[in-house]
Amino acid sequence: MWLKPEEVLLKNALKLWLMERSNDYFVLQRRRGYQEEGGGGLTGLLVGTLDSVLDSTAKVAPFRILHQTPDSQVYLSIACGANREEITKHWEWLEQNIMKTLSVFDSNEDITNFVQGKIRGLIAEEGKHSFAKEDDPEKFREALLKFEKCFGLPEQEKLVTYYSCSYWKGRVPCQGWLYLSTNFLSFYSFLLGSEIKLIISWDAVSKLEKTSNVILTESICVCSQGENHYFSMFLHINQTYLLMEQLASYAIKRIFDKETFDNDPVLDDPLQITKRGLENRAHSEQFNAFFRLPKEETLKEVHECFLWVPFSHFNTHGKMCISENYICFASQDGNLCSVIIPLREVLAIDKTNDSSKSVIISIKGKTAFRFSEVKEFEQLVAKLRLKCGAASTQYHDISTEAMNILTSVLLLYAKEEEAFWLLVAVCERMLPDYFNRRIIGALVDQAVFEELIRDHLPQLTEHMTDMTFFSSVSLSWFLTLFISVLPIESAVNVVDCFFYDGIKAILQLGLAILDYNLDKLLACKDDAEAVTALNRFFDNVTNKDSPLPSSVQQGSNVSDEKSSHIRVDITDLIRESNEKYGNIRCEDIHGMRCRNRLYVIQTLEETTKQNVLRVVSQDVKLSLHELDELYVIFKRELFFSYYWCLSSPVLKHHDPSLPYLEQYQIDCQQFRVLYHLLSPWAHSANRDSLALWTFRLLDENSDCLVNFKEFASAIDIMYNGSFTEKLKLLFKLHIPPAYTEVKYKDPSKGDELSKEELLYFSQLHVSKPVKEKETESAKNSPEKGKGKVDIQAYLSQWQDELLKKEENIKDLPRMNQSQFIQFSKTLYNLFHGDPEEESLYQAIAIVTSLLLRMEEVGRKLHSPTSSTKGLSGAVCASGGPSEGQTESHLKKDPSSLREELQWSFAFEQILASLLNEPALVKFFEKPIDLKAKLANAKTSQLSSRTKK
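These remarks concern the structure in this document.

1. Let's talk about the packing of aromatic side chains
Applying the stated criterion across every chain, the model contains 39 aromatic pairs. Look at Tyr 162 and Trp 177: their rings are 6.0 Å apart centre to centre, the planes differ by 50°, and that puts the pair in the tilted class. Taken together, the residues Tyr 162 in strand S6 (residues 159-169) and Trp 177 in strand S7 (residues 172-181) connect sequence positions 15 residues apart. Comparing Tyr 162 with Trp 177 shows no difference in burial state: the two are buried. Arranged with centres 6.3 Å apart and planes meeting at 25°, the rings of Tyr 162 and Tyr 179 form a pair that is stacked. Of the two residues, Tyr 162 sits in strand S6 while Tyr 179 sits in strand S7, which places them 17 residues apart along the sequence. Here the two residues Tyr 162 and Tyr 179 agree in accessibility, since each one is buried. Ring pairing ties together the aromatic residues Phe 449, Trp 477, Phe 478, Phe 482, Tyr 516, Phe 537 and Phe 538, which thus form one cluster. Sitting over the ring of Trp 17, Arg 64 keeps its end group 4.1 Å from the ring centre.

This is how it looks when you write it as structure tokens:
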């Protein structure tokens, strides 16, 4: 890699570097301790540790080239290399393109300037195709080199930023470097010969939080797959934590929360994510959360200024924040005053001529806001006038699918169109992700509510052994804004507060309700008693200022038993919630939402996984632990395809509304990769064909996808199946279904297929259209021609079809000549490399010869003129079928081939013949260590994705 020329004092460098090549203008050096016998001893260890701690490029690039000026001790570093081959290419380029030119210059200064300019030109050319787009491209290029060298991730993995920190392994801190990329959190440390390498995928992170204790004053805890990892000693821990939180959130949205991802264009291309972009995005999200603006708003400018507050008669200091469609102001303490001005409401923007540097914004309703002491206020006025002109012509087209109980209340107080847009604001902005298939937003706010209960009502937390009680009770509070539990005349006040304060009002009110009923809840013995106490409380909440007649009010119709309880006015309850819990800030709620979103989605995924494993375990012999490991590998392969293949349609098949067994499915190419990693038959020479045939066999519905249950069933047979089951699987792999129609992608339309996929799609069976099936069913119906349908006849017909699907050995189709030859070749490939290889070859040759002779006798009994002599010679010569003999046999005269294809073998015949050979039975029945295979697969799964 070419480096930005920097000065190096060679006198001090000689202790750490060894000279390998030199000429009049350049020096090639090797780092001490690298490629030395014994690792360079203690000196090599110390140098390696120094390189790691000081973030030296030499740790991953132990070769470098320096440009030397004659008669000077100052050198310039111009190139580095990870290995001798790479640095040699740079050296040879310099000799061929630079050396001859340098001799024409008269002064050493001209030589140095020429070399510097040439190297900078090479770096600029490389930078056109590089991901290094940060503030310091040179340092970032070096960090990118180390990142790629240390972790071996695919080239498509985008490094976002990196930090120096300590990783706590037990009670020992390991100083090293933390790398944050689009899909992984990675850490590397090298101390005195001890290398620590950690890679955690963002989608596996279930908890991310800042912690503090006696040992670690400030650290970041990352929980992945039940294990906590602690990182500390950051220079700017808040900045680091914010970036980590964003990257984890993006990964979760891209992979698990598909509905949110589809509506967020920023996440469409993770390769474009940069540190600066993430920081700007975070500021915009905090801005939108504080002022409760649409999530599409982007913070553009921030100006410190003073706002004249007429009711207090003084100027308050704060910040003016400007986005595409809003001008907002917040006082310095955040609670004294806040203003939100939609640009579409602005009538005029003026400036004063005095020294106050004031900007006056007039809006509809004869109201004006005066902002003073604004820096560069003249330019600001010009920008705002342009924005207001554009905003007056904007038209927002927003659509929604949601109707719920809130709609009925809105229609009572607003016109139909107004109620619609209020509902849009609730569903898309104020309660995000509340009304999707998995109500993720509501579950996230339940987790936030539990966290607030732990902070503000610790005595209630200590009394309730299970915190999920609060989630189950309060879910309806949040989904309906208390409308479903409070009388309507009281609930409308809560809705008013919600539109003013957002989710903060609901959380505060929930805490106030629990606080009001604290003594009763502490006296409850079980959950049912606590629910009853809360329901009685809600029934006695009234509204003395309700405009509704007393006959309509729900609170006036309570029974005598309920009326004996103390009445509570909703106004007093809301005031109490603000007095006790008004210090909860909107930005704190936003942070808690981001933090708990990871946990909620990971919990949902864990529940899905447990349901899948529970169902699959009923049909396979694999243990739950083996199934769990297999599921992790299965889903990881699915996600890896999505990490680095942005156009991959894989996750388009992920639909949370589907049954959990079908939520995640892999395609043919992904199945091939997993087959190579996990199958005990993957060492076979025709393993790609076996993988393709296995996928075809499992894909019963012909949708080119296989779910986890189907995948696990195949692995279970390969490892835990009996001799008969394994043989039956191999037998079925060589007998394609009876295809009735060809289905394949058209390469002329831009569809690119691998050789295996093209073969698969060209043979894929496509079921008949539904109408055709219905027509056939109608033809076969006993009630044909009648207007009445015989339900019992249909049920009987379906039952017969289900019984036909129950597989029996006798029902398996027969294997023809070409299929049998390929079957024999597959067996020979499976035996290759086995300790008993010779005896297995001999056994299969005997079985093959016996089967062919049996078939020949049968053919002579039915047709004495026919003979299988040619086939027998092709398969049995030299103890088994050779590839050349098979191909020559298959290229025979078509007429004779058609004659020979009339014979076939039944599975029973093959099974009976193979059972007579103990060596074959022993080969298929010997136990195979699946646990070791799974461990190796997890280790090599990521490295298999790396471009060699």
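2. Some remarks on the pairing of strand S19 (residues 367-372)
Here two bridges tie strand S13 (residues 301-309) to S19, and the two strands are oriented antiparallel to one another. The residue bridging Leu 307 from the neighbouring strand is Phe 371, located in S19. Examined bridge by bridge, strand S18 (residues 359-363) and S19 share five bridges and lie antiparallel to one another. Bridging across to S19, Ser 362 finds its partner in Ala 368. Between the antiparallel neighbours S18 and S19 lie three residues, among them Gly 365 with a positive phi of about 95°.

3. Thoughts on the nonpolar core
If you look at the biggest cluster of nonpolar residues, it comprises 130 residues, and the most contacted ones within it are Phe 231, Phe 708 and Phe 711. Take this core: its biggest share by element is eleven residues, from helix H23 (residues 624-644). Within the second largest apolar cluster, 61 residues are counted, among which are Leu 431, Met 467, Leu 518 and Met 592.

4. A short note on the packing of helix H7 (residues 237-255) against helix H22 (residues 586-617)
Across the interface, H7 lies against H22 with an axial gap of 10 Å and an inter-helix angle of 40°. Comparing their axes, H22 and H7 come out oblique. The hand of the H7/H22 crossing is left-handed. Contacts between H7 and H22 involve Tyr 241, Glu 245, Ala 248, Ser 249, Ile 252 and Lys 253 from the first element and Gly 591, Cys 594, Arg 595, Arg 597, Leu 598, Ile 601 and Gln 602 from the second.

5. Observations regarding the pattern of salt bridges
Taken as a whole and judged by the stated rule, the model has 23 salt bridges. Between Glu 605 and Lys 635 there is a salt bridge whose closest N-O contact spans 3.9 Å. Here Glu 605 is found in helix H22, whereas its partner Lys 635 is found in helix H23, with 30 residues between them in sequence. Just as Glu 605 is buried, Lys 635 falls in that class too. In this structure, Lys 938 engages Glu 629 in a salt bridge whose closest nitrogen and oxygen atoms are separated by 3.2 Å. With a gap of 309 residues between them, Lys 938 in helix H38 (residues 930-943) and Glu 629 in helix H23 connect regions that are remote in the sequence. Residue Glu 629 is classed as buried on the basis of its relative accessible area, which comes to 17%. It is possible to trace a salt-bridge network through shared partners that takes in Glu 20, Arg 30 and Arg 84.

6. With respect to the sheet that holds strand S17 (residues 346-351)
Adjacent strands of a sheet form backbone hydrogen bonds with each other and so pair up, either parallel or antiparallel. Here we have seven strands laid out as an open sheet, ordered S16-S15-S14-S13-S19-S18-S17, and antiparallel in their pairing. Because the sheet does not close on itself, it has two edges, and the strands there are strand S16 (338-342) and S17. Here the average twist between neighbouring strands, direction ignored, is 30°. Two elements, S13 and strand S14 (residues 314-322), share nine bridges in a ladder whose sense is antiparallel. Counterpart to Val 302 in the pairing with S14 is Cys 321. Together, S14, strand S15 (326-331) and S16 form the strand contacts of helix H9 (residues 275-291), whose direction differs from that of S15 by roughly 75°.

7. Some points on a nonpolar patch on the surface
Taken together, the side chains of Trp 308, Phe 314 and Leu 336 make up a nonpolar region of the molecular surface, amounting to roughly 280 Å² of accessible area. Relative to the helices and strands, Phe 314 resides in strand S14.

The rules we used
Residues numbered from 1 in each chain as written. Predicted model: local features only at pLDDT ≥ 70, side-chain atom pairs only at ≥ 80, totals over all residues. Heavy atoms only, no water. Phe/Tyr/Trp six-rings, centres within 6.5 Å; stacked < 30°, edge-to-face > 60°. Helix = DSSP H or I, 4+ residues; strand = E, 2+ residues; numbered from the N terminus. Buried < 20%, exposed > 50% of the residue type's maximum accessible area, 1.4 Å probe, protein only. Lys NZ or Arg CZ within 6 Å of the ring centre and 35° of its normal. Pairing = 2+ DSSP bridges. Core = buried A, V, L, I, M, F, W, Y, C linked by side-chain atoms within 4.5 Å. Axes fitted to C-alpha atoms, helices over the stretch in contact; angles between N-to-C directions. Parallel < 35°, antiparallel > 145°, perpendicular 65-115°, else oblique. Left-handed = near helix turned anticlockwise from the far one by under 90°. Contact = heavy atoms within 4.5 Å. Salt bridge = Lys/Arg side-chain N within 4 Å of Asp/Glu carboxyl O. Patch = residues over 30% accessible without salt bridge, like charges linked within 9 Å, V, L, I, M, F, W, Y side chains within 5 Å. Areas by Shrake-Rupley, 256 points an atom, 1.4 Å probe, with all protein chains shown as cover.

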